[in-house]
Amino acid sequence: MDIFRIEGPVQLSGAVAVNGSKNATLPIMAAAILAAGKSTLKSVPRLSDIFLFARLLRQLGCKVGKGQNGDLCIDSTTIDNSVGEYEIVRRMRASICILGPLLARCGRAEVSMPGGCAIGDRPVDIHLRGLRELGAQIHLKKGYIIAETPNGLKGKEIFLGGPFGSTVLGTANVLMAATLAKGKTVIESAACEPEIADLANCLNTMGAKISGIGSPRLIIDGVKQLRPAVYQVIPDRIEAGTFMIAAAITKGRLQLNNCRLEDMMAVVNALRNIGVTVESADNGCVVARNGPIKPADITTQPYPGFPTDLQAQFMALLVLAEGNSVIIEKVFPDRFMHVAELNRMAANLRKEGPAVIVAGVKNLIAAPVMASDLRASAALVLAGLAAQGTTVVSRVYHIDRGYERIEERLNPVGAKINRESP
Ligand code: EPZ
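Residues numbered from 1 in each chain as written. Predicted model: local features only at pLDDT ≥ 70, side-chain atom pairs only at ≥ 80, totals over all residues. Heavy atoms only, no water.

1. Concerning the pattern of salt bridges
This model, assessed by the stated rule, comprises 21 salt bridges. With a shortest N-O distance of 2.4 Å, arginine 217 and glutamate 188 are connected by a salt bridge. In this pair, arginine 217 is assigned in strand β13 (residues 217-221) and glutamate 188 in strand β11 (residues 184-188), connecting sequence segments 29 residues apart. Through salt bridges with shared partners, a single ionic network connects Asp2, Asp400, Arg405, Glu407, Glu408 and Arg419. (Salt bridge = Lys/Arg side-chain N within 4 Å of Asp/Glu carboxyl O. Helix = DSSP H or I, 4+ residues; strand = E, 2+ residues; numbered from the N terminus.)

Have a look at this one:
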């Protein structure tokens, strides 16, 4: 298992390109199941999660490979297996979003229950409720979800809200199934994340009839069939936010290319409020910090609120604020695996239920730390950039799930991250 050896403190300066969005790509890869034929996806990041999802699609009978200039080609002409194996699903929660497309295409799907992960329980009750509303018969057997539509899928008014608000992949599953259902479907309390809007836009290029895109009320007029996609995915707003925080935590200045500020106004607003400048530039933005970091109160919420996927990274930044901050995690209340690791680096963090009190400290001190989940790992890398000394981050494979060779992107702008394979 690779480790990162990170020298700090450094000051980042220069330009970094933001990749295509992992969380837009994964459901769009699943959407390729809906239309027999060859789909081509552009700007797809080269990440272990994407490779794993490709393996899952191959198990279903798809041919998946690289096209010219790095495009991802998925030929779903033949789907001769409708089982999503536990061996893959347990490692990547996003696998659950083959359920809706398989039901719509084949009338049957068997997908392992995803199980929990480092950020907490990962229930799928809302996914199943929505698909049942569309006419699917669903039961559990030996840890697998067995779903069938003996009479096909039928459009309906569906409320998809849950105790934590909307569900991103739950919306993706029901949306994809509804595109081929008979009649009209209305999804109330749909997720508004840009990645869901991207999926809906992609489905419309495939011949689907979806309106209300970007709003909590999606209206889908079912069609008989869809055609394969040719689609370019949106930039990754979470990767962009991570790089913005890298500039801020090192008191540096980064130009981010290929990022859409309109997708990340909660983060931009939070950064500006603590003394970080964020200026839009053509095809991206420039992020810099000169003065002190002011404390903040942050609460994560479904989009357009502050994204839970940037909570850990922002916490690493607030560790160095002049004063006390409070971070409340409203989406995944247990998503605090990074707290103990940051405290090993001389942060002063205290967990109080779904909140963490962040008492600002002057410096972070380098230490050996362990990555636990994708975004917590990114937070440890950011802390290592600012900490005094050499920070060693182990289990770097967590980072590779969501950031393509992050060291090769940050070292050219001043980071000193060495990947070692002991
Ligand atoms: C997506 O996960 C993202 N993953 C996550 O990003 C992200 O943290 C999350 O949305 C929230 O924005 C992908 O897009 C691949 P949810 P998802 O269903 O869809 C509860 C990353 O780091 N819930 O929106 O699985 C759930 O427990 C990953 O890139 C139910 O109760 O998240 C949570 O508290 C991590 N029942 C809340 O809703 C359900 O049936 C939001 O979860 C489904 C969800």
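We are not done yet, so read on.
2. Observations regarding the layout of surface pockets
Estimates place the volume of the second largest pocket at around 410 Å³. Contributing to the lining of the second largest pocket are 19 residues, with Lys251, Arg289, Leu320, Lys362 and Asn363 lying nearest its centre. Classifying every residue of the lining of the second largest pocket gives ten nonpolar, five polar and four charged. (1 Å grid on protein atoms, 1.4 Å probe; cavity = no way out; pocket = protein on both sides within 12 Å on 5 of 7 lines; lining within 4 Å. Points joined across faces, edges and corners; volume = space filled by probe spheres on them. Nonpolar A, V, L, I, M, F, W, Y, C, P; charged D, E, K, R; others polar.)

3. Description of the pairing of β13
Along β13, the buried face is formed by Leu218 and Ile220; none of Arg217, Ile219 and Asp221, which line the opposite face, is buried. Sheet topology note: the β11/β13 ladder contains five bridges and is antiparallel. Across the sheet, lysine 184 pairs through a bridge with aspartate 221, a residue of β13. Summarising the sheet, strand β12 (residues 209-211) and β13 pair through three bridges and their orientation is antiparallel. The residue bridging lysine 209 from the neighbouring strand is aspartate 221, located in β13. Where β12 folds back on β13, the antiparallel hairpin that results is connected by five residues, among which glycine 212 adopts a positive phi of roughly 85°. (Buried < 20%, exposed > 50% of the residue type's maximum accessible area, 1.4 Å probe, protein only. Pairing = 2+ DSSP bridges.)

4. What to know about the site of the ligand
Near the ligand, the surroundings consist of 24 residues, among which Asp125, Ile126, Thr167, Asp309 and Val331 are the closest. Note that an oxygen atom of the ligand is positioned 3.1 Å from one of the side-chain N or O atoms of arginine 93. For the ligand, an oxygen atom lies 3.4 Å from a polar atom in the backbone of proline 123. When the ligand is considered free in solution it has 820 Å² of accessible area, and contact with the protein chains removes 92% of it. Elements with a minimum of two residues in the shell around the ligand: α1 (22-31), α5 (125-133), α6 (168-178) and α12 (374-386). Grouping the amino acids of the shell around the ligand by side-chain chemistry returns eleven nonpolar, five polar and eight charged. Here the shell around the ligand spans two domains, since at least three of its residues come from each of domain 1 (3-19 + 235-420) and domain 2 (22-223). (Near = heavy atom within 4 Å. Polar contact = N/O pair within 3.5 Å; in protein donor to acceptor, adjacent residues only side chain to side chain. Areas by Shrake-Rupley, 256 points an atom, 1.4 Å probe, with all protein chains shown as cover. Domains from an automatic or database assignment.)

5. Notes on helix α8 (residues 237-249)
Residues three or four positions apart in an α-helix share a direction because the helix packs 3.6 residues into each turn. With 13 residues, α8 extends 18 Å between its outermost C-alpha atoms, agreeing within 8% with the 18 Å of an ideal straight helix rising 1.5 Å per residue. For α8, the side-chain oxygen to backbone nitrogen distance between the N-cap and isoleucine 238 is 2.9 Å, and the N-cap itself is aspartate 236. Following α8 by one or two positions, lysine 251 adopts a phi angle in the positive range, close to 55°. (Expected span 1.5 Å × (residues − 1).)

6. As for the nonpolar core
Grouped together as the largest cluster of nonpolar side chains are 78 residues, with contacts concentrated most on Met29, Phe53 and Leu203. Ignoring any residue separated from it by four or fewer positions in sequence, one finds phenylalanine 53 in contact with Leu26, Met29, Ala30, Met92, Ala94, Ser95, Cys97 and Ile98. (Core = buried A, V, L, I, M, F, W, Y, C linked by side-chain atoms within 4.5 Å. Contact = heavy atoms within 4.5 Å.)

7. Some words on the domain arrangement of the chain
Structurally, the chain comprises domain 1 (3-19 + 235-420) and domain 2 (22-223). Measuring from the centre of the C-alpha atoms in domain 1 to the corresponding centre in domain 2 gives 30 Å. Summed over both partners, the interface of domain 1 with domain 2 comes to about 1,800 Å²; 52% of that surface belongs to carbon and sulfur atoms. Per-residue buried area on domain 1 facing domain 2 is highest for Tyr303, Arg401 and Glu404; these three make up 33% of the total on that side. (Buried area = accessible area lost by both parts, 1.4 Å probe.)

8. A look at the packing of α8 against α12
Direction vectors running N to C along α8 and α12 enclose 20°, while the axes themselves pass 9 Å from each other. As the angle between them shows, α8 and α12 are arranged roughly parallel. As α8 runs across α12, the sense of the crossing is right-handed. Side by side, α8 and α12 meet where Ile238, Thr242, Ile245, Ala246 and Ile249 of the first sit next to Arg375, Ala378, Leu382, Ala383, Leu385 and Ala386 of the second. Its residues assigned to classes, the contact of α8 with α12 comprises nine nonpolar, one polar and one charged. (Axes fitted to C-alpha atoms, helices over the stretch in contact; angles between N-to-C directions. Parallel < 35°, antiparallel > 145°, perpendicular 65-115°, else oblique. Left-handed = near helix turned anticlockwise from the far one by under 90°.)

9. Things to note about the packing of aromatic side chains
For any pair of aromatic rings, the description rests on two quantities: the centre-to-centre distance and the angle between the ring planes. Summed over the entire model, instances satisfying the criterion amount to one aromatic pair. Ring centres of phenylalanine 306 and phenylalanine 314 lie 5.3 Å apart, and the angle between their planes is 80°; on these two criteria the pair is classed as edge-to-face. In this pair, the class of phenylalanine 306 matches that of phenylalanine 314, namely buried. (Phe/Tyr/Trp six-rings, centres within 6.5 Å; stacked < 30°, edge-to-face > 60°.)

10. Looking at empty space enclosed by the protein
Under the definition given, this model contains two cavities of 30 Å³ or more. Lining the largest cavity are Arg237, Ile238, Asp263, Met264, Met265, Ala266, Val267, Tyr303, Pro304, Gly305, Pro307 and Leu310. Elements with a contribution of two residues or more to the lining of the largest cavity: α8 and α9 (265-273). The leading source of residues in the lining of the largest cavity is α9, at three residues. Across the lining of the largest cavity, the residue classes break down as nine nonpolar, one polar and two charged. In this structure, the second largest cavity occupies an estimated 40 Å³ of space.

11. Brief notes about the side chain of threonine 250
Summarising the element assignment, threonine 250 is placed in the loop between α8 and β15 (253-257). Looking at threonine 250, the relative accessible area reads 5%, which means it is buried. At 2.9 Å, the side chain of threonine 250 forms a polar contact with the backbone oxygen of alanine 246. With residues up to four places along the chain from it excluded, the contact list for threonine 250 reads Val10, Gln11, Leu12 and Leu385.

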